[in-house]
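Here is how the chains run, residue by residue.
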Amino acid sequence: MAAKSVEILLVEDNIHDERLTIKALQKNNLTNKLHVVRDGEEALEFLFHTGRYKKDETSQEIDPPRLILLDLKLPKIDGLELLNIIKKDERTKTIPVVILTSSTQESDMLQSYRLGVNSYIVKPVEFDKFISAVSDLGLYWMILNELPK
């Protein structure tokens, strides 16, 4: 997939949760422009066009994603640190970030909102509820929500 067309960036290290999230998004035809990264370091490379996503002179300008779905418990750079970087940088701070996590810790939720997360969703354990939750958030953020130009 060409990075130019990415609308949803999924930052998820658990392959099972990744597959469930993709299945839920597919239910509403929201996976055509999805890109998955597996850790915080790769997410930063993708967002800031460094490392394996570095642009060269033949590359087109890459549009930022319209939505970031972010797990908290990530290798290399955890989700809270990644959120902090995203929300402090002028190039990325207006991108909506939705925490999609299994963490029910109040401290994780409070810190996420202090850092500027747009929404915090605890992954439901039951399959049908998980599919429904991800479908609903995908529809809201990709179809209903208006973003600045």
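One can find the structure itself at the top, above this paragraph.
This structure is a prediction, so every number in the text was calculated from the model and none was measured.

(A) Focus on helix 5 (residues 127-144). With 18 residues, helix 5 should reach 26 Å at 1.5 Å per residue; the first-to-last C-alpha distance of 25 Å fits that figure. The complete set of buried residues in helix 5 reads Phe130, Ile131, Val134, Ser135, Leu137, Gly138, Trp141 and Met142.

(B) Spatial organisation of the side chain of threonine 101. Mapped onto the elements, threonine 101 comes out in strand 4 (residues 97-101). Residue threonine 101 is classed as buried on the basis of its relative accessible area, which comes to 0%. Excluding residues within four positions of it along the chain, threonine 101 makes contact with Asp71, Leu72, Tyr120, Ile121, Val122 and Lys123.

(C) Geometry of the packing of aromatic side chains. Using the criterion set out here, one finds 1 aromatic pair in the structure. Residues phenylalanine 46 and tyrosine 53 carry aromatic rings whose centres are separated by 5.1 Å and whose planes lie at 85 degrees to one another, so their mutual orientation is edge-to-face. For the pair shown, phenylalanine 46 and tyrosine 53 are each scored as buried.

(D) Molecular detail of the environment of leucine 30. Mapped onto the secondary structure, leucine 30 falls in the loop between helix 1 (15-27) and strand 2 (34-37). As a C-alpha pair, leucine 30 and arginine 114 span 84 residues in sequence and 29 Å in three-dimensional space. Excluding residues within four positions of it along the chain, leucine 30 makes contact with Ile8, Leu25, Gly138, Leu139, Met142 and Ile143.

(E) Examining the sheet that holds strand 2 more closely. Pairing within the open sheet is parallel, and its 5 strands lie in the order 2-1-3-4-5. At either end of the open sheet lies a strand with only one pairing partner, and these are strand 2 and strand 5 (119-122). Going from strand to strand, the sheet's axes swing by 20 degrees on average, the running direction of each strand aside. Sheet analysis places strand 1 (residues 8-11) next to strand 3 (residues 67-70), joined by 4 bridges and oriented parallel. Counted as the bridge partner of leucine 10 is leucine 69 from strand 3.

The rules we used
Residues numbered from 1 in each chain as written. Predicted model: local features only at pLDDT ≥ 70, side-chain atom pairs only at ≥ 80, totals over all residues. Heavy atoms only, no water. Helix = DSSP H or I, 4+ residues; strand = E, 2+ residues; numbered from the N terminus. Expected span 1.5 Å × (residues − 1). Buried < 20%, exposed > 50% of the residue type's maximum accessible area, 1.4 Å probe, protein only. Contact = heavy atoms within 4.5 Å. Phe/Tyr/Trp six-rings, centres within 6.5 Å; stacked < 30°, edge-to-face > 60°. Pairing = 2+ DSSP bridges. Axes fitted to C-alpha atoms, helices over the stretch in contact; angles between N-to-C directions.

Purely geometric stuff here, so don't read any function into it on its own.
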